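# Breakdown of the fold
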Amino acid sequence: MDTVTRGELDAFRATLRGTVLRRGDADYDQARVVWNAMIDKHPAAIVRCAGAADVRAAVTFARDHGWPLAVRGGGHNITGSALCEDGLVIDLSPMRAVQIDQHRQRAYVEGGATLRDVDHESQAYGLATPLGINSTTGVGGLTLGGGFGWLTRKLGMTIDNLISADMVLADSRRLKVSAKENPDLFWAIRGGGGNFGVVTNFEFQLHAVGPEVTAGLIFFPLAQAKTVLTKYRDAIDSLGEDVTAWAILRKAPPLPFLPLQVHGTEIVAFAIFSALKQDAVQSTIDQLRAFGQPVGEMIGAMPYAAWQQILDPLLSAGARNYWKSHNFATLGDEAIDIAIDYAGKLPSAHCEVIIALLGGKAGVPAPADTAYAHRTTPFIINVHTRWESPDEDAKCMAWARELFNAEKPYAAGSVYSNFMSQDESERIPEAYGGNYARLAQIKAKYDPHNLFRSNQNIRPSP
């Protein structure tokens with residue numbers, strides 16, 4: 001890593017529309033804060049980019065001076081990959097513009113935009129694209145890892161709705177990638193993470209969704225979890241693509257529709273979503289409710305944008321977070337029993353075990369059609385460990401690892417890259433599956449010196 005003089009840095013600053021922050025600058029400490037409070041890195045410089053030209057200049061500067069490089073979109077990744085120690089951070093957060101072409105049903109989204117930004121603009125026209133479940137998540141990181149959420153069973157993954165992207169590569173070239181332009185790179189960024197360059201703009205296919213949808217929560221006591229989850233697993237094929245239901249095992253938050261005596265007790269809840277009107281899916285809602293005896297529920301018509309933010313209070317920035325995750329080809333009795341057992345001994349009131357449901361349109365492409373390979377995965381169990389004080393680090397992380405290890409014999413041996421923690425580099429081949437070798441070849445073509453390595457890193461093949 002070259003030593004950069006003050007004059008060289010000032011000359012670099014002069015080429016930008018955005019700003020450069022270094023240690024000691026007024027906004028530096030705030031600019032290095034990311035969603036996961038466990039991350040405490042000190043970059044040598046943070047470039048708050050105002051546009052693609054700034055991104056290109058920052059890539060050139062980092063490459064030419066041999067500086068480590070990280071790219072920040074929403075700063076939401078569990079690993080803290082948006083930052084690097086003693087290197088340069090390309091901060092895209094000022095680049096949050098979203099433009100909607102109502103007639104072509106397209107969204108043009110800058111690299112620093114969040115899910116909330118996209119929903120805000122697209123819902124003005126009753127349009128949406130499949131994104132995630134927390135509105136503060138960055139669109140860039142979500143998309144590059146694959147992307148799934150409430151609309152996935154009906155409309156596919158986020159990458160299945162990506163039409164094109166504008167990128168800055170390691171050699172500072174700017175390229176448009178699509179099915180027709182640089183198709184190998186377009187294939188790679190649909191699930192291969194940030195390994196291949198900086199995406200400054202995404203073009204997404206939009207669909208008629210909302211503004212009003214059917215969604216809500218049904219709560220059962222944890223004592224009923226075995227029956228509820230077994231019936232849930234057995235009924236998945238009958239749900240159809242129009243309904244998504246995720247299961248969440250945690251302590252009940254103090255929601256107004258729950259009786260006071262339920263607050264803080266262990267529960268299993270269904271988070272249910274459909275883009276259809278309630279009368280069209282009422283029979284499915286009734287079916288899910290009948291799996292047990294609910295202790296409370298709130299379900300009905302609501303704005304799509306509001307549902308996209310429903311979990312935000314449980315996922316707010318500033319807490320300490322550690323995740324462990326497995327993909328499951330089937331949710332066997334053993335896997336269900338283990339999840340229930342550990343949900344009964346949560347190390348903090350903020351921890352939860354989430355059973356996410358994919359399938360439907362997510363499983364239509366073949367595993368080799370995009371870099372995201374796990375198309376046949378119907379279930380993902382994410383162990384979401386969350387707490388407030390560093391004093392709780394050891395017990396909370398131990399709980400997550402024990403649960404993860406107990407589930408491992410029953411899992412599919414693969415993992416969603418966006419759910420991997422910072423200590424799981426040995427699992428990177430599991431994240432990319434049978435597509436890893438091709439990804440390594442494309443990496444060698446576009447980033448042979450591995451400039452973009454602050455991620456679930458794919459090393460360039462020799």
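Numbering of residues begins from 1 in every chain and follows the order in which that chain's sequence is written. Under the rules for a predicted model, residues below a pLDDT of 70 receive no local features and side-chain atom pairs below 80 are neither given nor counted, while totals for whole chains, interfaces and linings still include all residues. As a rule here, side-chain values cover all heavy atoms of the structure and leave hydrogens and water aside.

A few words now on the sheet that holds strand S8 (residues 162-168). Strand pairing is assigned whenever DSSP detects at least two bridges linking the two strands. Each helix corresponds to a stretch of at least 4 residues labelled H or I by DSSP, and each strand to a stretch of at least 2 residues labelled E; elements are numbered beginning at the N terminus. Read from one edge to the other, the open sheet built from five strands follows the order S5-S6-S10-S8-S9, with strand pairing classed as antiparallel. Every other strand in the sheet has two partners, leaving strand S5 (98-101) and strand S9 (174-178) as the edge strands with one partner each. Direction aside, the axes of adjacent strands within the sheet are offset by 15° on average. Where S8 lies against S9, five bridges are found, and the strand directions are antiparallel. Within S9, the residue paired with Ala165 across the bridge is Val177. Each axis is a line fitted through C-alpha atoms, taken for helices only over the stretch in contact, and angles between the N-to-C directions span 0 to 180 degrees.

Moving on: helix H14 (residues 436-446). Each residue gets one of three labels from its accessible area relative to the maximum for its type: buried under 20%, exposed over 50%, partly exposed in between, using a 1.4 Å probe on protein chains only. Among all positions in H14, only Leu439, Ala440, Ile442, Lys443 and Tyr446 are buried. Down the axis of H14, the buried set is contained in an arc of 165°. They therefore lie on one face. Looking at H14, the residues exposed on the side facing more than 90 degrees away from the buried face are Gln441 and Lys445. The secondary structure elements touched by the buried residues of H14 are S9, helix H7 (183-189) and helix H13 (428-432). In this description, the arc belongs to the directions extending from the helix axis to the C-beta atoms. In this analysis, two residues are considered to be in contact whenever any of their non-hydrogen atoms come within 4.5 Å of each other.

All right, on to helix H8 (residues 225-239) then. The seven residues ending at a residue and the seven starting there each receive a fitted axis; the angle between those axes is the bend at that residue. Of all the bends found along H8, the most pronounced is centred on Arg233 and spans about 35°. Within the span of H8, buried status applies to Ala225, Val228, Leu229, Thr230, Tyr232, Arg233, Ala235, Ile236 and Leu239. One or two positions beyond H8, positive phi appears at Gly240, with a value near 80°.

A few words on the packing of helix H1 (residues 6-14) against helix H3 (residues 52-65). At a closest axis distance of 10 Å, the pairing of H1 and H3 adopts a crossing angle of 155°. With respect to their mutual orientation, H1 and H3 come out roughly antiparallel. When you trace H1 past H3, the crossing you get is right-handed. Along the contact surface, H1 presents Glu8, Leu9 and Phe12, while H3 presents Ala57, Ala58, Phe61 and His65. Angle categories are assigned with fixed cut-offs, so that under 35 degrees is roughly parallel, over 145 is roughly antiparallel, 65 to 115 is roughly perpendicular, and the rest are oblique. By the definition used in this description, the sense in which the near helix is turned from the far one sets the handedness, with an anticlockwise turn below a right angle giving left-handed and a clockwise turn giving right-handed.

On to the pattern of salt bridges, then. We define a salt bridge as a contact between a side-chain nitrogen of Lys or Arg and a carboxyl oxygen of Asp or Glu at a distance within 4 Å. On inspection of all chains with the given rule, the structure shows 30 salt bridges. Residue Asp40 is joined to Arg32 by a salt bridge in which the shortest nitrogen-to-oxygen separation is 2.6 Å. Where Arg233 meets Asp333, a salt bridge forms, and the shortest distance between an N and an O atom there is 2.7 Å. Here Arg233 is found in helix H8, whereas its partner Asp333 is found in helix H11 (residues 333-343), with 100 residues between them in sequence. Residue class for Asp333 comes out partly exposed when judged on its relative accessible area of 37%. Several salt bridges share partner residues, and in doing so they unite Lys324, Glu424, Arg427 and Glu430 into one network.

Quick look at empty space enclosed by the protein now. The definitions used throughout rest on a 1 Å grid laid over the protein atoms alone, on which a cavity is an enclosed set of points accommodating a 1.4 Å probe that cannot get out and a pocket is an open set flanked by protein within 12 Å on both sides along at least five of seven lines; lining residues are those having an atom within 4 Å of a point. Grid points are joined across faces, edges and corners, and a volume is the space filled by probe spheres set on the points. Taken as a whole and judged by the stated rule, the model has three cavities of 30 Å³ or more. A volume near 50 Å³ is recorded for the second largest cavity. Listing elements by their share of the lining of the second largest cavity, those giving two or more residues are helix H6 (152-155) and strand S14 (266-274). Looking at the lining of the second largest cavity element by element, the count peaks at three residues for H6.

To form a nonpolar core, buried Ala, Val, Leu, Ile, Met, Phe, Trp, Tyr and Cys residues must be joined to one another through side-chain atoms within 4.5 Å. Leu185, Ile189 and Tyr232 are the most contacted members of the largest nonpolar core, which totals 123 residues. With residues near it in sequence (within four places) discarded, Leu185 still touches Met167, Leu169, Leu175, Val177, Phe196, Ile442 and Tyr446. Residues Leu9, Ala58, Trp67 and Val198 belong to the second largest nonpolar core, which totals 25 residues.

We now examine the sheet that holds strand S1 (residues 19-21). Spatial strand order, S1-S2-S4-S3: four strands in an open sheet with mixed pairing. At either end of the open sheet lies a strand with only one pairing partner, and these are S1 and strand S3 (69-72). The average angle at which neighbouring strand axes cross in this sheet is 20°, direction not considered. Pairing of S1 with strand S2 (residues 45-48) involves three bridges; the strand directions are antiparallel. Of the residues in S2, the one forming a bridge with Leu21 is Ile46.

Without other data, these values stay purely geometric and don't point to any function.
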